[in-house]
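Tertiary structure, described
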Amino acid sequence: MQDGETLAEWPTDGTDEERPANSREKGLNRVLHILEFLHATQRAIGIGELAKGLNAPRSTTYTLVRELVDAGLLEMAGDGNRVYFGKKLYLYGMAYMRGNDLLRRGRQEVDTLSRETGETSELCMLQSGRYTIVHSSPGTRPFRISSATGLQIPLPWTASGRLLLAGLDRGRIEAMISQDDLVLPDGRKIELDDFIDDIGKARVTGYCVTSGLVDAYTKCLAAPVFSAPGKVEATMCLVVPIDTSEERTGELVALLRERAARLSIS
């Protein structure tokens, strides 16, 4: 089977490989890997490319994708030879948002903050060892700062990453950060010791400001949202031009901390 073939042409008899006794557990893990891979690539891809990217048997990948398509969790795109997330996952996500008090209130706070300041505002959380934007509201500036809900970025690249890891010991931090995570998009490298020092400073000050990390034109301001005393559950962020004055930056940090405190459980 090649990527040009359609869903109807995929093998269904499982003759390409024997299923081991623990195939159900392996199958579940592979389903999760499929979803994670699609989330990371952020585009519809061919089944052969998916199997190659996962380093998984092609016949197993075809079978799992067929089952996920039948369940509505994935959908075929283009001419029926590429796959991406399905509508049912969107509905599950909406149900999660309605049932999660922090996310529901956080979206409202982020939208309000963006309207009040004119700056791009975000609600961010830790997911799979990555800084993840769970809601974003664009500012009103003539140029748009890149920010998209669902975007995942290495923790050392962000102000939020320094807050989301506050309270963790060095061993846990080191386990979450790869050497690739320490290399910025422009090729500069952050030293792990410096990153850990920044985490400690952010924990003490109660906020974090980083400049020129993801790109040379912006700086990020972040304040922590607590789910319990000392436990950072999320952050509220503002992404502003790097030439924003120190006075304006201070005003925005104070506003961020006030709004993040509203969301926090004291």
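So, here is what we can say about the structure in this document. Remember, predicted model here, so these are calculated numbers, not experimental data.

**A few points about the sheet that holds strand β1 (residues 45-46)**
Across the sheet, 3 strands lie side by side as β1-β3-β2; this open sheet has antiparallel pairing. The open sheet has two free edges, formed respectively by β1 and β2 (74-77), since each of these has just one partner strand. Two elements, β2 and strand β3 (residues 82-85), share 4 bridges in a ladder whose sense is antiparallel. Bridge pairing links Met76 to Val83 in β3.

**Quick word on the sheet that holds strand β5 (residues 130-137)**
Adjacent strands of a sheet form backbone hydrogen bonds with each other and so pair up, either parallel or antiparallel. Here we have 6 strands laid out as an open sheet, ordered β6-β5-β4-β9-β8-β7, and antiparallel in their pairing. Because the sheet does not close on itself, it has two edges, and the strands there are β6 (152-153) and β7 (208-211). Here β5 pairs with β6 via 2 bridges, running antiparallel. Within β6, the residue paired with Thr132 across the bridge is Gln152. Here helix α5 (residues 101-117) sits on the sheet and contacts β4 (120-127), β5, β8 (218-228) and β9 (231-241); the angle it forms with β4, its principal contact strand, is near 150 degrees.

**Quick notes on the packing of aromatic side chains**
Ring pairs (aromatic) are described by centroid distance and by the angle formed between their planes. Under the definition given, this model contains 1 aromatic pair. Ring geometry for Tyr84 versus Phe85: centroids 5.0 Å apart, planes at 45 degrees, classification tilted. Note on Phe85: relative accessible area 25%, which makes it partly exposed.

**Some words on the pairing of β7**
Burial of β7 is one-sided: the residues Cys208 and Thr210 facing one way are buried, the residues Val209 and Ser211 facing the other way are not. Note: β7 against β8, 4 bridges, orientation antiparallel. In the strand pairing of β8, Val209 is matched with Leu221. Joining the antiparallel neighbours β7 and β8 is a turn of 6 residues, in which Gly212 adopts a positive phi near 65 degrees.

**Let's talk about the pairing of β8**
Among the 11 residues of β8, 8 are classified as buried, and the element is accordingly described as predominantly covered. Note: β8 against β9, 10 bridges, orientation antiparallel. By the bridge assignment for β9, Val225 is matched with Ala234. The hairpin formed by β8 and β9 contains 2 residues between the paired strands, and Gly230 there has a positive phi angle of roughly 85 degrees.

**Considering the nonpolar core**
Formed by 26 residues in total, the largest nonpolar core has its most connected members in Tyr131, Leu155, Leu165, Ile173, Ile177, Phe195 and Ile199. Of all the secondary-structure elements, those providing two or more residues to this core are β5, α6 (159-164), α8 (192-205), β8 and β9. Residue contributions to this core peak at 4 residues, all from α8. The residues contacting Leu155, other than those within four sequence positions of it, are Leu126, Gly129, Arg130, Tyr131, Gly161, Arg162, Leu164, Leu165, Met176, Ile177 and Phe195. One finds Leu102, Ala223, Leu255 and Leu263 within the second-largest nonpolar core, a separate group that totals 20 residues.

**Topic: unusual backbone geometry**
Working note: non-glycine residues mostly have negative phi, and peptide bonds are mostly trans. Its identity as a non-glycine residue notwithstanding, Gln42 has a phi of 60 degrees, on the positive side. Following the sequence through the fold, Gln42 ends up in the loop between α1 (23-41) and β1. Here Gln42 falls in the partly exposed class, since its relative accessible area comes to 44%.

**Notes on helix α3 (residues 58-70)**
Taking 1.5 Å as the rise per residue, α3 with 13 residues should run 18 Å; its terminal C-alpha atoms sit 18 Å apart, in good agreement. Listed as buried for α3 are Ser59, Thr60, Thr61, Tyr62, Thr63, Leu64, Val65, Leu68 and Val69. One or two steps after α3, the chain reaches Gly72, where phi turns positive at roughly 85 degrees.

**Remarks on the packing of α5 against helix α9 (residues 246-263)**
At a closest axis distance of 10 Å, the pairing of α5 and α9 adopts a crossing angle of 155 degrees. The orientation of α5 relative to α9 falls into the category roughly antiparallel. With respect to the hand of their crossing, α5 and α9 are arranged in right-handed fashion. Facing Leu102, Arg105, Gly106, Glu109, Thr112, Leu113, Glu116 and Thr117 of α5, the residues of α9 in contact are Arg248, Leu252, Leu255, Leu256, Arg259, Arg262 and Leu263. When its residues are assigned to classes, the contact of α5 with α9 shows 6 nonpolar, 3 polar and 6 charged.

Rules used throughout
Residues numbered from 1 in each chain as written. Predicted model: local features only at pLDDT ≥ 70, side-chain atom pairs only at ≥ 80, totals over all residues. Heavy atoms only, no water. Pairing = 2+ DSSP bridges. Helix = DSSP H or I, 4+ residues; strand = E, 2+ residues; numbered from the N terminus. Contact = heavy atoms within 4.5 Å. Axes fitted to C-alpha atoms, helices over the stretch in contact; angles between N-to-C directions. Phe/Tyr/Trp six-rings, centres within 6.5 Å; stacked < 30°, edge-to-face > 60°. Buried < 20%, exposed > 50% of the residue type's maximum accessible area, 1.4 Å probe, protein only. Core = buried A, V, L, I, M, F, W, Y, C linked by side-chain atoms within 4.5 Å. Expected span 1.5 Å × (residues − 1). Parallel < 35°, antiparallel > 145°, perpendicular 65-115°, else oblique. Left-handed = near helix turned anticlockwise from the far one by under 90°. Nonpolar A, V, L, I, M, F, W, Y, C, P; charged D, E, K, R; others polar.

Keep in mind that these numbers describe shape and distance, not what the molecule does.
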